[in-house]
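# Geometric and topological summary
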Amino acid sequence: MITKSYFTKLWVLLINMVLFLNLHANPIITQRFTADPNAFIFEDRVYVICTSDEENVNGYKLFNYTLISSDDMANWTDHNLVFKVKRDTKWGNQAYAPAADTRNGKVYLCFPNGTSGLGMLVADRPEGPYKDIAGRAIVDRNTPNCSSKDMAWLFDPCLFIDRTANGSQAHVIFGGGKPHGNNLAIVKLKDDMKTLDGIPQKLKCPDSFEGPFIHKYKNKYYLSYPTPGASKIDYMMSDNPMSGWVHKGTILPNPTLNGKNINQNNNSHVSIIEYKRQWYMFYHDRRLSNRPYKRNTCVDILKYNSDGTIQKVIVTEDGPPQIKKFNPYNTIQAETIWREKGIETGFINGKSGDVMVTDISNGDYTSLKGVDFGDGGAKTFEVRAASASGGGTVEVHTEKPDGNLVATCKISGTGGWESWNTFSCDVTNCTGVKNVYFVYKGSNEPYRLDWFRFVAKNSNTKINYINVNKNNSHSQSVQTKNKIEKFHYPLSGTQNFENGIMYDLKGKKINSHINNIPEHNSISRGILIFIRE
């Protein structure tokens, strides 16, 4: 019997055949269908939370959000599904276009329950877990100016945090459907981020359809939104986010590339941020699938004119330039990707937060752009992998999938998909800045991948694998590169990791000072890595 899984695999194969022939950086994630990208900054890194189109076939079945992130605008880490409406709320049934931003060190996520209301969640990190802070909709049909006559669709929120010298003020703007041009509203939020501070104010935005987004540039406020039909993105300007908006024009026509519409003349949705002194527009189109319900997230540069108006954004294949070189000598999450072919991602052992590369077939690959190996180059390559089969090899090529072969790491069977080992091999002739391709070889699904790491030739670093006991007493090293040595690691109080950095096996850096370690959720019990310089 031909199953739904069969068609899903076939569709992924067809998409990757296109990608293999057309290697470009836009879309910025190709192993998943994503839409409605909402970008924000957290701890000096760009995060983009997106609607997941994975369930869509002949209509919108939207229940989950995918998160990706980058600090160089070229290599993007896939954090997988960080929000599931039926798991993370007790009252929501759908999750349309999301909105997220940071305030007071927390991440706030606003989701529309279909078209009927807005919920609010909070987390310590963009990856979650998210807590429903109200336990109900904070805006619904009983909210003033939010009846079905006021706006057909009570959805598509934007969280705008207006930061000034006097502090910050949160706003939520939302709406869509008919009556076009008078279907959006904005309201302030109190500091608890779940209580409205006033009544939502209707905004008159010429030909507005849905998907409003507000950003700020040089003390001016900008409201962008899609128009009906083959949506273009128009924008307005004001000196006050609550009122006084003046229409200025179009900043993104319905996405077109090389004279061809790549969005099926369908809906559009954007967010706009500044990162490292450069402005970017994130948007979706349908350039890979050419299907209405399978969308892809892209990013391109946004520029202002001298009078503060915005130039039209140019849709590209290659996206914005990489803004810094990639360091191969830190732990590299395997799901950090520039370009890929064939792979998917999932959670290790089914636990949220621990993402792996999975569904690997012979000849699949992932890659990294602009990797700086330095003048000395790399001497060894490490892979964290699990295999319930006979394993295979990970080949490291430079510049293209069949480019110069610099390493071949043999992965043997580990006895199961939940049993993880670290494998290593020598690296030859790998110096300077390279684009790196990890090419996967083996029968069926040969292995699954957690992280990679290169070791420099001129490095004197000692890598200690430390076993953290579950009895909340202390731990000691169980293996080192150079010798066996005890490493006492108190599981309460404060520990200072002097002259080194601690990682867990997810590659997550553990802060140099940690209080109350038994209660610290970021630490995985079991094996830790301590790198002493």
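In case you missed it, the structure is sitting above this.
In this report, we go over the structure that sits alongside the text. Going along each chain's sequence as written, the residues are numbered from 1 onward. Residue-level local features of this predicted model are given only where pLDDT is at least 70; pairs of side-chain atoms are given and counted only at 80 or more, and the full residue set underlies all totals for whole chains, interfaces and linings. As a rule here, side-chain values cover all heavy atoms of the structure and leave hydrogens and water aside.

The next subject is the environment of K204. Only DSSP runs of H or I reaching four residues or more are called helices, and only runs of E reaching two or more are called strands; each is numbered from the N terminus. Examined against the element boundaries, K204 turns out to sit in the loop between β13 (201-203) and β14 (213-217). Relative accessibility thresholds used throughout: buried, under 20% of the residue-type maximum; exposed, over 50%; partly exposed, between the two (1.4 Å probe, protein chains only). For K204, a relative accessible area of 68% puts it in the exposed group. A C-alpha to C-alpha distance of 9.4 Å links K204 and V246, two positions 42 residues apart in sequence. The criterion used for residue contact is that any of the two residues' heavy atoms lie within 4.5 Å. In this view, K204 contacts G181, N182 and M236; residues no more than four positions away in its chain are not counted.

Looking at the secondary structure, you find D36 in strand β1 (residues 34-42). Exposure remark for D36: the relative accessible area of 7% places this residue in the buried category. We define a polar contact as two N or O atoms separated by no more than 3.5 Å, with the added condition that, inside protein, one atom must be a possible hydrogen donor and the other a possible acceptor, whereas residues neighbouring each other in sequence contribute only through side-chain atom pairs. At a separation of 2.7 Å, a polar atom in the side chain of D36 contacts the side chain of T51. Ignoring sequence-local partners within four residues, the contact set of D36 consists of I49, C50, T51, A97, P98, H269, H284 and R295.

Take unusual backbone geometry next. In this structure, the amide linkage connecting N26 to the following residue, P27, adopts the cis form with an omega of 5 degrees. Summarising the element assignment, P27 is placed in the loop between α1 (4-21) and β1. For the bond running from G128 to P129, omega is 5 degrees, close enough to zero to count as cis. Here P129 lies in the loop between β7 (117-123) and β8 (131-132). Positioned with a positive phi, N429 is a non-glycine residue whose angle comes to about 55 degrees. N429 gets classed as exposed once you look at its relative accessible area, which sits at 65%.

This paragraph deals with the sheet that holds strand β20 (residues 270-275). Strands pair in a sheet through their backbones, by hydrogen bonds, and they do so in one of two ways: parallel or antiparallel. Read across the sheet, three strands follow the order β20-β21-β22 without closing on themselves; strand pairing throughout is antiparallel. Looking at strand neighbours, the two that pair on one side only are β20 and β22 (296-301), the edges of this open sheet. Adjacent strand axes in the sheet meet at a mean angle of 25 degrees, parallel and antiparallel pairs treated alike. By the bridge criterion, six bridges tie β20 to strand β21 (residues 278-285) in an arrangement that is antiparallel. In the sheet register, I273 faces β21, and the bridge partner there is Y280. For two strands to pair, DSSP has to find at least two bridges joining them. Axes, fitted as lines to C-alpha atoms, cover a helix only where it is in contact. Angles between the N-to-C directions of the axes lie from 0 to 180 degrees.

Think of a salt bridge as a Lys or Arg side-chain nitrogen and an Asp or Glu carboxyl oxygen that are within 4 Å of each other. Enumeration over the complete set of coordinates arrives at 18 salt bridges. The partner of R295 in a salt bridge is D36, with the nearest N and O atoms 3.9 Å apart. Here the residue R295 occupies a position in the loop between β21 and β22, and D36 occupies one in strand β1, the gap between them amounting to 259 residues. The exposure class assigned to R295 is buried, which follows from its relative accessible area of 2%. Close ionic contact of D101 with R163 constitutes a salt bridge, the shortest N to O distance being 3.6 Å. In this pair, D101 sits in strand β5 (residues 99-103) while R163 sits in strand β10 (residues 158-164), placing the two residues 62 residues apart along the sequence. Given the relative accessible area of 14%, D101 is considered buried.

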